Amino acid sequence: MNDNEKTVDLAEKLWSRLRGQKPGNGRHPQICGDIPMSIGRDGTWFYQGGPIGRIELVKLFSSVLQRDEEGGHWLVTPAEMARIEVEDVAFIAVEMQNDGDGKDQTIRFRTNIDQWVELDKDHPLRVEHDPETDEPSPYIGLERGLEARLNRAVFYQLVELADEIIDPKTNMLRIGVYSHGQFFEIGQMENPE
């Protein structure tokens, strides 16, 4: 596959994910390459090195943001698509709410752009552990391949709701939370019994 074919293939994949179909005119957005926009680890959006101070602009840009299979972040409009640099993930979960208890519980998170998302099979939790410090970094899946990292306070709230179950196959103690009847693992440890 040559570079032009790769570009068209990437454009088709990104367009399909964002719009759910091929463009009506049969044309794909033009790939503009990288632009001087970035998102810091703390969720701050930057343009040409300076922070974007207006939340309305951040919300506008975030409405056309998506992530490709290789982890690249793109702003995609019907006419153009441009890659931006993202230090970790595009959003931060800054608030958590829960209703109910145990398996009947529903957990939802608010991101730094005031978007609410419920923890469920379409928006799962994943926890990465730093290989050197073993410090957890929890993430919730969003639409268009995007994720939000739970800030420390929200993660502590989530841990307070944790249940423990024993995995019968490995005899490991799995620690996690239920939401929408599904168990989402936060971590594992040896079964003390």
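Preceding block: the structure.
Residues numbered from 1 in each chain as written. Predicted model: local features only at pLDDT ≥ 70, side-chain atom pairs only at ≥ 80, totals over all residues. Heavy atoms only, no water.

Draft legend 1. Up close: the nonpolar core. Of all hydrophobic cores here, the largest spans 32 residues; its most connected members are Trp45, Leu65, Phe91, Phe109, Leu150 and Leu158. Elements that contribute at least two residues to this core include exactly β1 (30–39), β6 (80–86), β7 (91–99), β8 (106–111), β10 (125–129), β12 (147–150), α3 (152–160) and β15 (182–190). (Core = buried A, V, L, I, M, F, W, Y, C linked by side-chain atoms within 4.5 Å. Buried < 20%, exposed > 50% of the residue type's maximum accessible area, 1.4 Å probe, protein only. Helix = DSSP H or I, 4+ residues; strand = E, 2+ residues; numbered from the N terminus.)

Draft legend 2. Layout of the layout of surface pockets. Empty space within the largest pocket amounts to approximately 250 Å³. Around the largest pocket sit 14 residues that line it, and Glu135, Pro136, Ser137, Pro138 and Arg152 are the ones nearest its centre. Counting only elements with at least two residues in the lining of the largest pocket, the list comes to β10, β11 (136–141), β12 and α3. Of the residues in the lining of the largest pocket, the class split is five nonpolar, three polar and six charged. (1 Å grid on protein atoms, 1.4 Å probe; cavity = no way out; pocket = protein on both sides within 12 Å on 5 of 7 lines; lining within 4 Å. Points joined across faces, edges and corners; volume = space filled by probe spheres on them. Nonpolar A, V, L, I, M, F, W, Y, C, P; charged D, E, K, R; others polar.)

Draft legend 3. Expanded view of the sheet that holds strand β14 (residues 172–179). Across the sheet, which stays open at both edges, the three strands sit in the order β13-β14-β15 with antiparallel pairing between neighbours. The two strands at the open ends of the sheet, each matched to only one other strand, are β13 (163–166) and β15. Across the sheet, the mean angle separating the axes of adjacent strands is 35 degrees when strand polarity is ignored. As defined by bridge partners, β14 adjoins β15 across eight bridges and the pair is classed as antiparallel. Counted as the bridge partner of Gly176 is Glu185 from β15. (Pairing = 2+ DSSP bridges. Axes fitted to C-alpha atoms, helices over the stretch in contact; angles between N-to-C directions.)

Draft legend 4. Spotlight on unusual backbone geometry. Despite not being glycine, Asp114 has its phi angle at roughly 65 degrees, a positive value. Looking at the element boundaries, Asp114 is found in the loop between β8 and β9 (116–118). Note on Asp114: relative accessible area 44%, which makes it partly exposed. In this structure, Arg144 takes a positive phi of about 60 degrees despite not being glycine.

Draft legend 5. Broad picture of the pattern of salt bridges. Summed over all chains, the structure comprises twelve salt bridges. In this structure, a network of salt bridges that share partners links the residues Lys59, Glu95, Arg110 and Asp114. (Salt bridge = Lys/Arg side-chain N within 4 Å of Asp/Glu carboxyl O.)

Draft legend 6. View of the side chain of Asp167. With respect to the helices and strands, Asp167 occurs in the loop between β13 and β14. Of the side chains with opposite charge, Arg174 comes closest to the buried, unpaired Asp167, at an N-O distance of 4.8 Å. Side-chain polar atoms of Asp167 contact the backbone nitrogen of Lys169, separated by 2.9 Å. Ignoring anything within four residues of it in the chain, the contact list for Asp167 reads Met172 and Arg174. (Lys, Arg positive; Asp, Glu negative; His and termini not counted. Polar contact = N/O pair within 3.5 Å; in protein donor to acceptor, adjacent residues only side chain to side chain. Contact = heavy atoms within 4.5 Å.)

Note that every value here comes from positions in space, so none of it alone points to a role or purpose.
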